[in-house]
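Structural overview for review
The primary structure of each chain is shown beneath.
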Amino acid sequence: KGGIRIHMQCGRSALLDYRRKYASVAAISVTLSAKQPEIADAVCRLLEESDGRGRRISALTDAYIAKLADDEVCADGSITAFIYIAGEAVTANELRKYVTLTQPKCSGVCAAFSGNDADGYAYALCVSGDVTPINKAMTSALNGRGGGRGQLAQGTLRASRAQIEAYFKA
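These lines cover the structure that appears in this document, whether it is placed above or below. Per chain, residue numbering runs from 1 following the sequence as it is written. Since the coordinates come from a predicted model, pLDDT governs what is reported: local features require at least 70, and pairs of side-chain atoms require 80 or more to be given and counted, while whole-chain, interface and lining totals use all residues. Hydrogens and water molecules were not included; the side-chain quantities draw on all heavy atoms of the structure.

**Side note on the packing of helix H1 (residues 11-32) against helix H2 (residues 39-71)**
- Viewed as axis vectors pointing N to C, H1 and H2 meet at an angle of 50°, and their least axial separation amounts to 10 Å. When the axis of H1 is compared with that of H2, the two are oblique. Remark: the crossing between H1 and H2 carries left-handed chirality. For the pair formed by H1 and H2, the contact residues are Val25, Ile28, Ser29 and Leu32 on the first element and Ile39, Ala42, Val43 and Leu46 on the second.
- Note on residue categories: nonpolar means Ala, Val, Leu, Ile, Met, Phe, Trp, Tyr, Cys or Pro, charged means Asp, Glu, Lys or Arg, and polar means any other residue, Gly included. Split by residue class, the contact of H1 with H2 holds seven nonpolar, one polar and no charged. Orientation is described by axes fitted as lines to C-alpha atoms, over the contacting stretch for helices, and by angles from 0 to 180 degrees between their N-to-C directions. Only runs of H or I of at least four residues qualify as helices and only runs of E of at least two qualify as strands under DSSP, and these elements are numbered from the N terminus. By the definition adopted for this analysis, an angle is roughly parallel if under 35 degrees, roughly antiparallel if over 145, roughly perpendicular if from 65 to 115, and oblique otherwise. Note on convention: the crossing is left-handed when the near helix lies turned anticlockwise from the far helix by less than a right angle, right-handed when the turn is clockwise. The contact rule is simple, with two residues in contact once any of their heavy atoms fall within 4.5 Å.

See below:
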């Protein structure tokens, strides 16, 4: 009635369960170089360190993206279509940050792509006006999917790098 469930194991199944758990604790203890009774604290420290590294990596990535955005645009802002095709490790969020930082320096469309010819490309697209017609035309021409509203759109394209570059040159 109190909402408590009790699970019990007896005999051989209890012994096997204990052996599995002991083997896991021993392996974790060796991996973390911690005594068995201290592995919970060691795991917490490891997670805190990992979280700190993640925040540091995120801050450095943001700074790198801002630097790329500053370096890649002409000083007079005369670029009407800007293309940055990065390595595969660039995330959609990083592409979005990049185009939103770069677009105010461009006089028109700013697009960023990440991926490869075999798997396709993720993209982010930012314009000074309404992105919808430009995004629809690009996804139609380059076998893409995606959407957005206002000034920003993102999605994927099943086109080669050469096709993407040719589309923007035209």
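**Considerations on the pairing of strand S5 (residues 152-157)**
- Between buried and exposed lies partly exposed: a residue is buried under 20% and exposed over 50% of the maximum accessible area for its type, with that area taken using a 1.4 Å probe on protein chains only. Burial along S5 is one-sided: Ala153, Gly155 and Leu157 are buried, and none of Leu152, Gln154 and Thr156, which face the opposite way, are.
- Bridge count for strand S3 (residues 120-126) against S5 is six bridges, and the pairing is antiparallel. When the bridges of S5 are listed, leucine 125 appears paired with alanine 153.
- Pairing of strand S4 (residues 144-149) with S5 involves six bridges; the strand directions are antiparallel. What sits directly across from arginine 145, in S5, is threonine 156. Should DSSP find at least two bridges between two strands, the strands are regarded as paired.

**Here's the deal with the packing of H2 against helix H3 (residues 92-102)**
- Relative to each other, H2 and H3 sit at 40°, their axes nearing to 9 Å. Here H2 is positioned oblique relative to H3, judged by the angle of their axes. When the axes of H2 and H3 are compared, the crossing they make is right-handed. When H2 is examined against H3, the residues Thr61, Asp62, Ile65, Ala66, Leu68 and Ala69 are found in contact with a partner set consisting of Glu94, Lys97, Tyr98, Leu101 and Thr102.
- The residue makeup of the contact of H2 with H3, split by class, is six nonpolar, two polar and three charged.

**Thoughts on H1**
- By this rule the span expected of a helix is its residue count minus one, scaled by 1.5 Å. For H1, spanning 22 residues, the distance from its first C-alpha to its last is 32 Å, which sits close to the expected 32 Å at 1.5 Å a residue.
- Taken from the residues just after H1, serine 33 is the one with a positive phi, measuring 50°.

**Quick word on unusual backbone geometry**
- One non-glycine residue, serine 33, adopts positive backbone phi at about 50°.
- As for its placement among the helices and strands, serine 33 is situated in the loop between H1 and H2.
- Among the residues examined, serine 33 registers a relative accessible area of 69% and is labelled exposed.
- The phi dihedral of asparagine 143 falls on the positive side, at around 55°, and the residue is not glycine.
- Positionally, asparagine 143 belongs in the loop between helix H4 (132-141) and S4.

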